[in-house]
Amino acid sequence: MQSPRRQSRRVCGPQSLADCSSLGDLFTKAAALEKLDQQLRQRLLPTLAEQVRLGGVHGERIVFVASSAAWASRLRMEQAAILRLARTLGVSARTLTIKIAPLPAPPPEPTARLALSPAAARHLRAAANSLPDPELRARFMALASLAKS
């Protein structure tokens, strides 16, 4: 008779809000990872830096994501330099893991804002004059002032 295997699995699923980090903590961690990503990738060749991203830091392991196996191979050749640089930046990294996944698309270029027409500005001023709340009235007037001359 075989003995049952012990499996050590992390339990995933919903957590109470008390067990989760605050939103501010998440933004701080995300900003720190973004800064580290930029610092590490700026030392790479520009063509390679465009095809890889920092995926995270887990203990003494840095995880990078590459857009293809070819870029992952090129990144592996830079492994020693990346780990050295990470240590100079205060990350106690000993290993580099590279995963292959499509990189997210770059954010779209911001579109030009449409100008507010003179007619819209007149309507905003009329609406502002009918408002009893002085703060709201001031906001409507500020919007109306954005109209084309």
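A brief look at the structure comes next.

Rules used in this analysis
Residues numbered from 1 in each chain as written. Predicted model: local features only at pLDDT ≥ 70, side-chain atom pairs only at ≥ 80, totals over all residues. Heavy atoms only, no water. Helix = DSSP H or I, 4+ residues; strand = E, 2+ residues; numbered from the N terminus. Buried < 20%, exposed > 50% of the residue type's maximum accessible area, 1.4 Å probe, protein only. Areas by Shrake-Rupley, 256 points an atom, 1.4 Å probe, with all protein chains shown as cover. Pairing = 2+ DSSP bridges. Axes fitted to C-alpha atoms, helices over the stretch in contact; angles between N-to-C directions. Contact = heavy atoms within 4.5 Å. Parallel < 35°, antiparallel > 145°, perpendicular 65-115°, else oblique. Left-handed = near helix turned anticlockwise from the far one by under 90°. Salt bridge = Lys/Arg side-chain N within 4 Å of Asp/Glu carboxyl O. Core = buried A, V, L, I, M, F, W, Y, C linked by side-chain atoms within 4.5 Å.

1. A look at the overall build of the protein
So, step 1. In terms of regular secondary structure, the protein is built from 6 helices and 3 strands.
So, step 2. Out of the 149 residues belonging to the protein, those deemed buried represent 21%.
So, step 3. By element, 56% of the accessible surface of the protein is carried by carbon and sulfur atoms, the whole surface being about 11,900 Å².

2. What to know about the sheet that holds strand β2 (residues 61-66)
So, step 1. Taken together, 3 strands build an open sheet; the order of strands is β1-β2-β3 and the sheet is mixed. Strands with a single pairing partner mark the edges of an open sheet, and in this sheet they are β1 (52-58) and β3 (95-100). When the angles between neighbouring strand axes are averaged without regard to direction, this sheet yields 25°.
So, step 2. Sheet contacts for helix α3 (residues 69-77): β1, β2 and β3; angle to β3, the most-contacted strand, approximately 170°.
So, step 3. Lying over the sheet, helix α4 (residues 79-88) contacts β2 and β3, oriented at roughly 120° with respect to β3.

3. Here we look at the pairing of β1
So, step 1. Strand direction decides the pairing type here: β1 and β2, joined by 6 bridges, are antiparallel. Bridge pairing in β2 places His-58 opposite Arg-61.
So, step 2. From the end of β1 to the start of β2, which pair antiparallel, there are 2 residues, and Gly-59 there has a positive phi angle of about 65°.

4. Details of the side chain of Arg-41
So, step 1. Inspection of the secondary structure puts Arg-41 in helix α1 (residues 23-41).
So, step 2. With relative accessibility at 16%, the residue Arg-41 sits in the buried group.

5. Some words on the packing of helix α5 (residues 118-129) against helix α6 (residues 134-144)
So, step 1. Here α5 crosses α6 at 170°, and the two axes come no closer than 8 Å. Viewed along their axes, α5 and α6 adopt a mutual orientation that is roughly antiparallel. Crossing of α5 against α6: the hand is left-handed. In contact with Ala-121, Leu-124, Arg-125, Ala-127 and Ala-128 of α5, α6 contributes Arg-137, Phe-140, Met-141, Leu-143 and Ala-144.

6. As for the pattern of salt bridges
So, step 1. Evaluated as defined, the whole model comprises 3 salt bridges.
So, step 2. A salt bridge links Arg-41 to Asp-37, with the shortest nitrogen-to-oxygen separation between them at 3.0 Å. Placement of both Arg-41 and Asp-37 in helix α1 is noted, with a separation of 4 residues, approximately one turn of the helix. Across the pair, exposure class does not vary: Arg-41 and Asp-37 are buried alike.
So, step 3. With a closest N to O distance of 3.9 Å, Glu-60 and Arg-94 form a salt bridge. Taken together, the residues span a long stretch of sequence, with Glu-60 in the loop between β1 and β2 and Arg-94 in the loop between α4 and β3 at a distance of 34 residues.
So, step 4. Residue classification places Glu-60 among the partly exposed residues on the basis of a relative accessible area of 42%.
So, step 5. The exposure class of Arg-94 is exposed, given its relative accessible area of 61%.

7. With respect to the environment of Ala-86
So, step 1. Position of Ala-86 among the secondary structure elements: in helix α4.
So, step 2. By relative accessible area, which is 0% here, Ala-86 ends up buried.
So, step 3. Residues Ala-86 and Leu-40, spaced 46 residues apart in sequence, show a C-alpha to C-alpha distance of 7.1 Å.

8. Regarding the nonpolar core
So, step 1. Counting residues in hydrophobic clusters, the biggest one holds 21 residues, and the most contacted among them are Leu-40, Ile-62, Phe-64 and Leu-75.
So, step 2. At the level of elements, α1, α2 (46-49), β1, β2, α3, α4 and β3 are the ones that each hand at least two residues to this core.
So, step 3. Among the elements that take part in this core, α4 stands out by supplying 4 residues, more than any other.

All quantities given are derived from atomic positions and should not be read as evidence of function.
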